[in-house]
Amino acid sequence: GQQVMQIPQYQHVQEGEDFTTYCNSSTTLSNIQWYKQRPGGHPVFLIQLVKSGEVKKQKRLTFQFGEAKKNSSLHITATQTTDVGTYFCGGNTGNQFYFGTGTSLTVIP
Amino acid sequence: EPEVTQTPSHQVTQMGQEVILRCVPISNHLYFYWYRQILGQKVEFLVSFYNNEISEKSEIFDDQFSVERPDGSNFTLKIRSTKLEDSAMYFCASSSLEGNQPQHFGDGTRLSIL
């Protein structure tokens, strides 16, 4: 069945270091969305990418959608303690939305 | 900013009992979702709902589960005979359109089955 995997599962970085999480789908996605879930919180929508090869930036966050629309990445430049949380990618195949396995980011002050 | 609200925040139920989780989606949204997140794991899709019927459901959403929109504002998830493995956080979400629109999540209901 459809799978959306993310690596790494966990990442510890020193504050100020960069961070990247990679998202890979077993099938082509019509879109990719990224969500952030703080510890004890609910997923919060960050961004959506629709076009093949699309790149979007939000301040220190850079999101990319692969050419084949099967993979995506989120890169955070110069992490801050407020970046702590789990980052989930997700996308649609047909009418069903599939979340990725998530990458849990810890930022050490 | 409009929010999705879920009640209760925490539900403790004996195994085998029925439980109903409640959600009030954002008022002008048309698509509603339920997700489950077992502690420390990923968010899993359960079901999507549009125009008063299920539009998609996952393998997890078996005959023990049902959803309903009993009035113009509430969206409920019922688990008929709960099992220990149903213990999880259950998130409701809504969106204005399906697919290419962001989903807005509620704070979740933590369901604990004893």
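We now turn to the structure provided with this report. (Residues numbered from 1 in each chain as written. Chains lettered and ligands numbered in written order. Predicted model: local features only at pLDDT ≥ 70, side-chain atom pairs only at ≥ 80, totals over all residues. Heavy atoms only, no water.)

Some points on the overall build of chain B
Step number 1: When you go through chain B residue by residue, the secondary structure sums to zero helices and eleven strands.
Step number 2: Written out in order from the N terminus, the α and β elements of chain B read β-β-β-β-β-β-β-β-β-β-β.
Step number 3: The principal-axis extents of the C-alpha atoms in chain B amount to approximately 35 × 25 × 25 Å.
Step number 4: Looking at chain B as a whole, 44% of its 114 residues qualify as buried.
Step number 5: Sequence separation of at least 24 residues holds for 54% of the intrachain contacts in chain B that already meet a minimum separation of 6.
Step number 6: Counting 9 positive and 15 negative side-chain charges, chain B places the averaged centre of each group 4 Å from the other. (Helix = DSSP H or I, 4+ residues; strand = E, 2+ residues; numbered from the N terminus. Buried < 20%, exposed > 50% of the residue type's maximum accessible area, 1.4 Å probe, protein only. Contact = heavy atoms within 4.5 Å. Lys, Arg positive; Asp, Glu negative; His and termini not counted. Charge placed at Lys NZ, Arg CZ, Asp CG, Glu CD.)

Re unusual backbone geometry
Step number 1: Here the residue pair Ile7(A) and Pro8(A) is connected by a cis peptide bond, since its omega of -5° sits within 30 degrees of zero.
Step number 2: Following the sequence through the fold, Pro8(A) ends up in the loop between strand S1 (4-7) and strand S2 (10-14).
Step number 3: Geometrically, the link from Thr7(B) to Pro8(B) is a cis peptide bond, its omega value of -10° lying close to zero.
Step number 4: Looking at where Pro8(B) falls in the secondary structure, it is placed in the loop between strand S1 (5-7) and strand S2 (10-13).
Step number 5: For Lys69(A), which is not glycine, the phi dihedral falls at a positive 55°.

Some points on the pattern of salt bridges
All names here are of chain A.
Step number 1: Under the definition given, this model contains three salt bridges over all chains.
Step number 2: Where Glu-54 meets Lys-56, a salt bridge forms, and the shortest distance between an N and an O atom there is 3.8 Å.
Step number 3: Judged by its relative accessible area of 31%, Lys-56 falls in the partly exposed class.
Step number 4: Between Asp-83 and Arg-60 there is a salt bridge whose closest N-O contact spans 2.9 Å. Residue Asp-83 is located in the loop between strand S8 (71-76) and strand S9 (85-93), and its partner Arg-60 is located in the loop between strand S6 (55-58) and strand S7 (61-65); the two are separated by 23 residues in the primary sequence. (Salt bridge = Lys/Arg side-chain N within 4 Å of Asp/Glu carboxyl O.)

Looking at the layout of surface pockets
Step number 1: Roughly 520 Å³ of internal volume is contained in the largest pocket.
Step number 2: Forming the boundary of the largest pocket are 26 residues, of which Gln37(A), Thr86(A), Gln37(B), Gly40(B) and Gln41(B) lie nearest the centre.
Step number 3: Of the residues belonging to the lining of the largest pocket, the class tally is nine nonpolar, 14 polar and three charged. (1 Å grid on protein atoms, 1.4 Å probe; cavity = no way out; pocket = protein on both sides within 12 Å on 5 of 7 lines; lining within 4 Å. Points joined across faces, edges and corners; volume = space filled by probe spheres on them. Nonpolar A, V, L, I, M, F, W, Y, C, P; charged D, E, K, R; others polar.)

Considerations on the side chain of Gln6(A)
Residues and elements named next belong to chain A.
Step number 1: Checked against the element boundaries, Gln-6 lands in strand S1.
Step number 2: There is a polar contact of 3.4 Å between the side chain of Gln-6 and the side chain of Thr-21.
Step number 3: Ignoring sequence-local partners within four residues, the contact set of Gln-6 consists of Thr-21, Tyr-22, Cys-23, Trp-34, Tyr-87, Phe-88, Cys-89, Gly-100, Thr-101, Gly-102 and Thr-103. (Polar contact = N/O pair within 3.5 Å; in protein donor to acceptor, adjacent residues only side chain to side chain.)

Here we look at the pairing of strand S7 (residues 65-68) of chain B
Residue and element names in this part refer to chain B.
Step number 1: Taking every second residue as pointing to the same face, the buried face of S7 carries Phe-65 and Val-67, while none of Ser-66 and Glu-68 on the other face is buried.
Step number 2: Where S7 lies against strand S8 (residues 75-79), four bridges are found, and the strand directions are antiparallel. Bridging from a neighbouring strand, Val-67 pairs with Leu-77 of S8. (Pairing = 2+ DSSP bridges.)

Side note on the pairing of S9(A)
Residue and element names in this part refer to chain A.
Step number 1: In terms of burial, S9 is largely enclosed, as seven of its nine residues are buried.
Step number 2: Here five bridges tie strand S4 (residues 32-37) to S9, and the two strands are oriented antiparallel to one another. Counterpart to Trp-34 in the pairing with S9 is Cys-89.
Step number 3: In this structure, S9 lies alongside strand S11 (residues 103-108), joined through three bridges in antiparallel fashion. When the bridges of S11 are listed, Thr-86 appears paired with Ser-104.
Step number 4: Bridge count between S9 and strand S10 (residues 96-99): four bridges; the pairing is antiparallel.

Focus: the sheet that holds S1(B)
All names here are of chain B.
Step number 1: Pairing is antiparallel across the open sheet formed by four strands, whose spatial order is S1-S3-S8-S7. Both outer strands of the open sheet, S1 and S7, are each paired with one neighbouring strand and no more. Adjacent strand axes in the sheet meet at a mean angle of 20° when their direction is disregarded. (Axes fitted to C-alpha atoms, helices over the stretch in contact; angles between N-to-C directions.)

Structural notes on the environment of Asp63(B)
Residue and element names in this part refer to chain B.
Step number 1: Here Asp-63 is to be found in the loop between strand S6 (53-57) and S7.
Step number 2: With relative accessibility at 67%, the residue Asp-63 sits in the exposed group.
Step number 3: Sequence separation of Asp-63 and Ser-9 is 54 residues, and the distance between their C-alpha atoms is 24 Å.

Take it as geometry only, folks, not as evidence of what the structure does.
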